[in-house]
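Notes for the structure review
Letter by letter, the chains look like this.
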Amino acid sequence: MGLFLDTSRVLLSRVKDLRPLTAKRHRVKGKWATTRSKHPPTKLALQHFDATYSAQLGLLWPSVRVALLSERKYGALLNNFSYNPALEELQDQGCRDFISSSEALASSEFGPEENSSSVSTVTDDVGHQQQSPLRLSPNIRCLVFPRGDVTRFKPARPDKFSLLSYYLLDAASMLPCLVLDVQESHTVLDLCAAPGGKALALLQTQSVRFMCVNDSSVSRTSRLKRVLHSYIPKPLLTDDKLRITSFDGTMWGEIERNSFDRVLVDVPCTTDRHSLMEDDNNIFSRSRVGERRSLPQLQAELLLAGIIAACPGGEIVYSTCTLSLKQNQGVVEQAIQLAQENHSIQLQVVSLRPLVRMFRNTFHFAPDLHLGEMVIPHLAANFGPIYLCKLRRLA
């Protein structure tokens, strides 16, 4: 009897499907079509990226592809309004503030007259370059683990006022906030603000006189409010300092024109990393084909609205989290043309090459972009993708 039971266990352990051993009247047909997609969005996204990015990135694509399919790295944006000693704890774990570390490196390499944290260039329509200040706020601090270290951050703890000590995000997403160059008493518009990481970073500068954060999605705006209330003291969330709205961002030019010193336009995009890793809410779902194809047009309309909302002399930063040429440089070129032809607005493109030199030890940047800069994923520094381009509206 014992031998029979042992033999039965061995046989059953080798059987992968018990349905042939089940009486036909007791079999239940699995609803395969309703439980598993034959073409999941993540697979469709990878096929699309293989076809598009292999041509766009050439020899870089295989390494970028591996990094995109691997676990991403995060950074911890320190909350200056929290009383928890998070900085010392994170430094004891081996983290460093990549912003202050890069500034020190830039000062030692370029000297006092060529410090890349204080000098940028502006390219006008005829290709001439002129000097322009690029100041990084000392109040934005984002800690990362060393290159090649994929240690995960522990969840942030609340202080005695229930404010969390740091916010976890892709460290490369700090770059649009840094180059926006928010100065004392500036008014700022974050046109597509949810889930709130960049808005939170801009408020850390403690230089904003008034900030408007907007997102067209009501549910995402609710999440944005929760994030801000978890990190920012209530006295700084009053109506005279902060306005949270849920309007169609493409119509902002009709709501407020020539109003803001700084405008951040972090547009909806194919969100390449999410599209490869998550089937839920994936823009490569077959039901969202039309939405995906119309993204560049939506992005151009949002950027144009941001340009119109900026006051003369104001600055606009456009950013995405995709590698797509059409959604990055293509959108910027289209918006610049529309601003000039339809609204008689002249723009200058601010070169961000000094920023690339400053942060090249933290991020990998795509080479030879003719417009803007882009952080590309790499296994040793698996941040991004993040594309950013800075524009200045001329008086």
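Structure first, text after, so check above.
Predicted model only: the values in this text are computed from it and were never measured.

Some details on the overall build of the protein chain
Each helix and strand in the protein chain was counted, giving 15 helices and 14 strands. By residue count, 48% of the 395 residues in the protein chain fall in the buried class. Of all intrachain contacts in the protein chain linking residues separated by at least 6 positions in sequence, the fraction that spans at least 24 positions is 74%. About 19,800 Å² of surface is accessible on the protein chain, with carbon and sulfur atoms providing 53% of the total.

Regarding the pattern of salt bridges
Going through the model one piece at a time under the given rule, you end up with 14 salt bridges. The closest approach of N and O atoms between Glu256 and Arg243, which form a salt bridge, is 2.8 Å. On the criterion of sequence distance, the pair formed by Glu256 in the loop between helix 10 (252-255) and strand 10 (260-266) and Arg243 in strand 9 (residues 242-245) is long-range, its members being 13 residues apart. The class of Arg243 is partly exposed, set by a relative accessible area of 28%. Measuring nitrogen to oxygen at the nearest pair gives 3.0 Å for the salt bridge that ties Glu315 to Lys390. Note that Glu315 is positioned in strand 11 (residues 310-320) and Lys390 in strand 14 (residues 386-393), a separation of 75 residues in sequence. Lys390 matches Glu315 in its accessibility class, with the two residues each being buried. One continuous salt-bridge network, built from bridges that share partners, spans Asp181, Arg262, Glu315, Lys390 and Arg392.

Quick word on helix 13 (residues 295-309)
When the terminal C-alpha atoms of helix 13 are compared, their 21 Å separation across 15 residues agrees well with the 21 Å that a helix rising 1.5 Å per residue should span. Burial in helix 13 covers these residues: Leu295, Gln299, Ala300, Leu302, Leu303, Leu304, Ala305, Gly306, Ile307, Ile308 and Ala309.

Points about the pairing of strand 8 (residues 208-214)
Every other side chain in a regular strand lies on the same face of the sheet, so the side chains alternate between the two faces. For strand 8, the tally of buried residues reaches six of seven residues, placing the bulk of the element in the interior. Pairing geometry for strand 7 (residues 186-190) and strand 8, over five bridges, is parallel. Across the sheet, the residue bridging to Leu189 is Cys212, located in strand 8. In the classification by handedness, the crossover that spans strand 7, the intervening helix 8 (residues 197-204) and the parallel strand 8 is right-handed. The sheet contact formed by strand 8 and strand 9 spans four bridges and is parallel. The residue bridging Val213 from the neighbouring strand is Ile244, located in strand 9. Between strand 8 and its parallel partner strand 9, the chain crosses via helix 9 (residues 218-231), and the hand of that crossover is right-handed.

Concerning the packing of aromatic side chains
The full count for this structure, using the stated rule, is 14 aromatic pairs. Aromatic side chains Phe49 and Phe284 sit 5.4 Å apart centroid to centroid with 85° between the ring planes, which places their arrangement in the edge-to-face category. Residue Phe49 is located in helix 3 (residues 41-57), and its partner Phe284 is located in the loop between helix 11 (272-277) and helix 12 (289-293); the two are separated by 235 residues in the primary sequence. As far as burial versus exposure is concerned, Phe49 and Phe284 are alike and both buried.

Concerning helix 14 (residues 329-343)
Note on helix geometry: an α-helix contains 3.6 residues per turn, so any two residues three or four positions apart are oriented the same way. The terminal C-alpha atoms of helix 14 lie 21 Å apart, and with 15 residues this matches the ideal 21 Å at 1.5 Å per residue to within 8%. Those residues of helix 14 that sit buried are Gln329, Val331, Val332, Ala335, Ile336 and Ala339. Burial along helix 14 is one-sided: seen end-on, the buried residues are contained in an arc of 165°. The exposed set on the far side of helix 14, more than 90 degrees from its buried face, consists of Glu341 and Asn342. Looking at the buried residues of helix 14, the elements they touch are helix 13, strand 11, strand 12 (347-351) and strand 14. Where helix 14 ends, the next residue or the one after it, Ser344, has phi of about 55°, a positive value.

Quick notes on the environment of Thr362
Its location among the elements puts Thr362 in the loop between helix 15 (353-359) and strand 13 (373-375). Within the structure, Thr362 has its side chain in polar contact with the side chain of Arg96 (distance 3.1 Å).

Comments concerning the packing of helix 3 against helix 4 (residues 61-68)
It is the contact of helix 3 with helix 4, at a shortest axis distance of 9 Å, that shows an interaxial angle of 145°. Like other packed secondary-structure pairs, helix 3 and helix 4 cross with a definite hand, here right-handed. Residues Leu46, Phe49, Asp50, Tyr53, Ser54 and Leu57 of helix 3 touch helix 4, and the partners they reach there are Trp61, Val64 and Arg65. For the contact of helix 3 with helix 4, the per-class residue count stands at six nonpolar, one polar and two charged.

Remarks on the nonpolar core
In terms of nonpolar packing, the biggest core is built from 52 residues, with Phe98, Met174, Leu175, Met211, Phe359 and Phe363 touching the most fellow members. In contact with Met174, not counting residues within four places along its chain, are Leu77, Phe98, Ile140, Cys142, Leu169, Gly197 and Ala201. Counting 49 residues, the second-largest nonpolar core is a separate cluster that includes Ala45, Cys192, Phe260 and Ala309.

Criteria and cut-off values
Residues numbered from 1 in each chain as written. Predicted model: local features only at pLDDT ≥ 70, side-chain atom pairs only at ≥ 80, totals over all residues. Heavy atoms only, no water. Helix = DSSP H or I, 4+ residues; strand = E, 2+ residues; numbered from the N terminus. Buried < 20%, exposed > 50% of the residue type's maximum accessible area, 1.4 Å probe, protein only. Contact = heavy atoms within 4.5 Å. Areas by Shrake-Rupley, 256 points an atom, 1.4 Å probe, with all protein chains shown as cover. Salt bridge = Lys/Arg side-chain N within 4 Å of Asp/Glu carboxyl O. Expected span 1.5 Å × (residues − 1). Pairing = 2+ DSSP bridges. Right-handed = clockwise from strand over helix to strand, strands pointing away. Phe/Tyr/Trp six-rings, centres within 6.5 Å; stacked < 30°, edge-to-face > 60°. Arc of directions from axis to C-beta. Polar contact = N/O pair within 3.5 Å; in protein donor to acceptor, adjacent residues only side chain to side chain. Axes fitted to C-alpha atoms, helices over the stretch in contact; angles between N-to-C directions. Left-handed = near helix turned anticlockwise from the far one by under 90°. Nonpolar A, V, L, I, M, F, W, Y, C, P; charged D, E, K, R; others polar. Core = buried A, V, L, I, M, F, W, Y, C linked by side-chain atoms within 4.5 Å.

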